[in-house]
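Each chain, letter by letter, is given below.
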Amino acid sequence: MHFAKGSAQALLTEPEDDTTYQNVVVNLHGRLMCADFTEYECVAVAMSPGEVQFKSAALPRITERIVSYIDHIGRIEGKITEMLDDGFRIAVSATDRKRQKLAAQLTWFANRNELGLPEDRRHERIVPRNPNAEIRLADGDTYPCRIVDLSMSGAALELEVRPEMGAQVILGTMRARVVRHFDDGVAIEFATIQPPDALENFI
């Protein structure tokens, strides 16, 4: 995975007080990059819009800035606030909009855990009002498709072509990968959980 080494720091803010946020227990794998550009595997085990606890072999310094990419969440960056026996905690640096999106994503994870839902049923699926869409493949080719159903984590599409399992695709502006084939099309999983406003064009 390639990490961008620059970012618009002026737009990012540190959380004033993480006690205003509720921590959610998660188990999300990813990769992180330390200030010296070394990369490590990591697992986010607890998250809020203001703080993330990671398990990782990385040994950054207190206040060091790290950048991570977490499955289903996306890019999270921040400064080390505490070193732990098996990892560390960071204070999340993010815009207000990013923090709101992260709060929405974590609410879904919290609801899934409380209800004991299996992984593939964690988000309500809807039938879009406007099912006609276009999907773009990794080679840049685009194809018309029909959205059978849609959720914050993925979609089922009727499609003439059959991208291979794991293929990277884009539906609208949402990056995804193919996770299943069926008779008339494919099922895709979004790279990150989509907040409701990202689905408004379809519903």
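Right above here is the structure, for reference.
Residues numbered from 1 in each chain as written. Predicted model: local features only at pLDDT ≥ 70, side-chain atom pairs only at ≥ 80, totals over all residues. Heavy atoms only, no water.

1. Describing the overall build of the protein
No. 1: Within the protein, the regular secondary structure consists of one helix and twelve strands.
No. 2: Counted from the first residue to the last, the protein has its helices and strands arranged as β-β-β-β-β-β-α-β-β-β-β-β-β.
No. 3: Split into buried and exposed, the 203 residues of the protein put 44% on the buried side.
No. 4: Accessible area for the protein stands at about 11300 Å²; split by element, carbon and sulfur atoms hold 49% of it. (Helix = DSSP H or I, 4+ residues; strand = E, 2+ residues; numbered from the N terminus. Buried < 20%, exposed > 50% of the residue type's maximum accessible area, 1.4 Å probe, protein only. Areas by Shrake-Rupley, 256 points an atom, 1.4 Å probe, with all protein chains shown as cover.)

2. A short note on the sheet that holds strand β3 (residues 51-56)
No. 1: One closed barrel accounts for six strands, arranged β1-β2-β3-β6-β5-β4; its pairing is antiparallel. Averaged over all pairs of adjacent strands, the angle between strand axes in this sheet comes to 45°, irrespective of strand direction.
No. 2: Where strand β1 (residues 24-33) meets strand β4 (residues 65-70), four bridges bridge the pair, whose relative direction is antiparallel. Looking at the pairing, Met-33 lines up with Val-67 of β4. (Pairing = 2+ DSSP bridges. Axes fitted to C-alpha atoms, helices over the stretch in contact; angles between N-to-C directions.)

3. With respect to the sheet that holds strand β9 (residues 154-158)
No. 1: If you trace the six strands once around the closed barrel, you get β7-β8-β9-β12-β11-β10, paired in antiparallel fashion. When strand polarity is set aside, the average angle formed by the axes of neighbouring strands in this sheet is 45°.
No. 2: Here five bridges tie β9 to strand β12 (residues 185-190), and the two strands are oriented antiparallel to one another. By the bridge assignment, Ala-155 is partnered in β12 with Ile-188.

Function cannot be read off these values alone, since they describe shape.
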